[in-house]
Amino acid sequence: MNHKLFNWLIAIFLAIGYFGQAQTPDVIRAEYMLMPRNKSDASLSRLKFLVNFPITVADSNNLVFGSEYNRLAYDLQRELPFSSAGLKQFHVLDLNMAYVWKFKPQWRFIGVITPRLASTLSKPLENGDFSINATVGFLKEEKNVPKPMKLVMGIAYNSTVALRIPLPIIYYEKRFRPNWSYVVGIPKSGFKYHLNERHQFQTEFIFDGYYVNLQSNIVLPNTVTASSVSSSAALFTLGYQYKMAKSTFLYGYVGHTVFQDGVLRDEERNDIFTLNDDPSFYLRTGFRIGL
């Protein structure tokens, strides 16, 4: 399995998520995710909190300042040839700084800089806890037409990927019938059914994952030292979103992994030990307020 490829896809997925919301970002989002115990005796839960502050500047352009915090609780109960005490809890904190330039009625240029803290936080902060990601690209959006569409094209740079090169972004969403729309892209594709203004059903094939620095390195029986942990997963989900009020939504998703791989990595970010490569169920629910 090519772990570098899947980490690239995760980086692109996160970049598309921010690009897709850069013009009208969520002001607040609170979310809980659970992947219950599987055949590897592994379970993972995640709490996500997000806040954005968009500021309108001259000529309908925008500055967006925001922060996103993820706390991951990892429970691996099978017997391991080393102590798993340092793998219980992970923390990922992003500070997002974006500029949105509306240079044509339907076109926007977007640039995003994201300093990141990803660590077990079991000791004082160290250099390995910090990284920086950057994304630039273009967003085209047609809203008040019979068949609304959104197109995102750009490149993303993720400093936690072993081969540090810019990665392409492509995302296309279109309403092809009054109640149906589709999404095509890498690494997110799916269909949406708009029952009415308040109710929306959705299918998605997505990639998800994380990369975290281990402040307490783990020494394996072959004396190789693990300095970080990462996970990559491809998932198929079914979801529902309910519009409570203007720009206020509740949502929930259920699904299953097509594959996943949780691994320990050495200082060169090579895979040295597999923690979890069995399929899992997937549950996600949350609350968000947009503009």
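Relevant structure appears above.
Residues numbered from 1 in each chain as written. Predicted model: local features only at pLDDT ≥ 70, side-chain atom pairs only at ≥ 80, totals over all residues. Heavy atoms only, no water.

Looking only at helices and strands, the chain has one helix and 15 strands in total. The buried share of the chain, reckoned over its 291 residues, is 48%. The contacts of the chain with a sequence gap of at least 6 include a subset with a gap of at least 24, amounting to 57%. When the accessible area of the chain is evaluated, it comes to approximately 14300 Å², of which 61% is carbon and sulfur surface. (Helix = DSSP H or I, 4+ residues; strand = E, 2+ residues; numbered from the N terminus. Buried < 20%, exposed > 50% of the residue type's maximum accessible area, 1.4 Å probe, protein only. Contact = heavy atoms within 4.5 Å. Areas by Shrake-Rupley, 256 points an atom, 1.4 Å probe, with all protein chains shown as cover.)

Per the stated rule, a full pass over the model turns up 13 aromatic pairs. By the ring-pair criterion, three or more aromatic residues cluster together here, those being Trp 101, Phe 103, Phe 109 and Phe 138. Across from the ring centre of Phe 249, 4.2 Å away, lies the NZ or CZ of Arg 288, which sits over that ring. (Phe/Tyr/Trp six-rings, centres within 6.5 Å; stacked < 30°, edge-to-face > 60°. Lys NZ or Arg CZ within 6 Å of the ring centre and 35° of its normal.)

Right, let's talk about the pattern of salt bridges for a bit. All told, the structure shown has 15 salt bridges when counted by the stated rule. The residue Asp 94 makes a salt bridge to Arg 116 at a minimum N-O spacing of 2.6 Å. Of this pair, Asp 94 sits in strand β4 (residues 89-104) while Arg 116 sits in strand β5 (residues 107-119), and the two are 22 residues apart along the sequence. Assessed through its relative accessible area of 14%, Arg 116 is described here as buried. Here Glu 141 ties to Lys 150 by a salt bridge, and the two come within 4.0 Å at their closest N and O atoms. The two residues Glu 141 and Lys 150 agree in class, both being buried. (Salt bridge = Lys/Arg side-chain N within 4 Å of Asp/Glu carboxyl O.)

In this structure, Ser 228 sits in strand β12 (residues 225-245). Judged by its relative accessible area of 2%, Ser 228 falls in the buried class. At a separation of 3.3 Å, a polar atom in the side chain of Ser 228 contacts the side chain of Tyr 211. Residue contacts for Ser 228: discarding those within four places in its chain leaves Tyr 211, Val 212, Asn 213, Leu 214, Val 263, Leu 264, Arg 265 and Asp 266. (Polar contact = N/O pair within 3.5 Å; in protein donor to acceptor, adjacent residues only side chain to side chain.)

A separate point is the pairing of strand β15 (residues 281-289). Burial along β15 is one-sided: Tyr 282, Arg 284, Gly 286 and Arg 288 are buried, while Phe 281, Leu 283, Thr 285, Phe 287 and Ile 289, pointing the other way, are not. In the sheet, strand β1 (residues 28-35) pairs with β15 via seven bridges, with the strands oriented antiparallel. The residue of β15 that forms the bridge with Tyr 32 is Thr 285. Bridge count between strand β13 (residues 248-265) and β15: nine bridges; the pairing is antiparallel. Across the sheet, Thr 248 pairs through a bridge with Ile 289, a residue of β15. (Pairing = 2+ DSSP bridges.)

To continue, consider unusual backbone geometry. One non-glycine residue with positive phi stands out, namely Leu 121, at about 55°. Phi angles above zero are rare outside glycine, and Ser 247 is one such case at about 65°. With respect to the secondary-structure elements, Ser 247 resides in the loop between β12 and β13. A residue is classified by how much of its surface remains accessible, and Ser 247, at 13% relative accessible area, is buried.

Checked against the element boundaries, Leu 139 lands in strand β6 (residues 130-142). For the pair Leu 139 and Ile 110, spaced 29 residues apart in sequence, the C-alpha separation works out to 7.3 Å.

Here we come to the side chain of Lys 192. Following the sequence through the fold, Lys 192 ends up in strand β10 (residues 188-194). Of the residues examined, Lys 192 reaches a relative accessible area of 13% and is grouped as buried. Looking at Lys 192, its side chain comes within polar contact range of the side chain of Glu 173, at 3.0 Å. Not counting residues within four places of it along the chain, the set of residues in contact with Lys 192 comprises Glu 173, Asn 179, Trp 180, Ser 181, Val 183, Gln 200, Phe 201 and Gln 202.

Glancing now at the nonpolar core. Formed by 26 residues in total, the largest nonpolar core has its most connected members in Tyr 74, Leu 87 and Leu 264. Sorting the residues of this core by element identifies β1, β2 (42-56), β3 (62-76), β4, β11 (199-219) and β12 as the ones contributing at least two each. Core analysis: the next-biggest nonpolar cluster, separate from the first, contains 11 residues, Val 100, Leu 139, Val 152 and Tyr 171 among them. (Core = buried A, V, L, I, M, F, W, Y, C linked by side-chain atoms within 4.5 Å.)

Relative to the helices and strands, Ser 40 resides in the loop between β1 and β2. Spatially, the C-alpha atoms of Ser 40 and Asp 277 are 7.3 Å apart, while their sequence positions differ by 237 residues. In this structure Ser 40 touches Leu 76, Arg 78, Leu 275, Asn 276, Asp 277 and Asp 278, once residues within four positions along its chain are discounted. Polar side-chain contacts of Ser 40 include one of 3.4 Å to the side chain of Asn 276. Only 2.4 Å separates the side chain of Ser 40 from the side chain of Asp 278, close enough to count as a polar contact.

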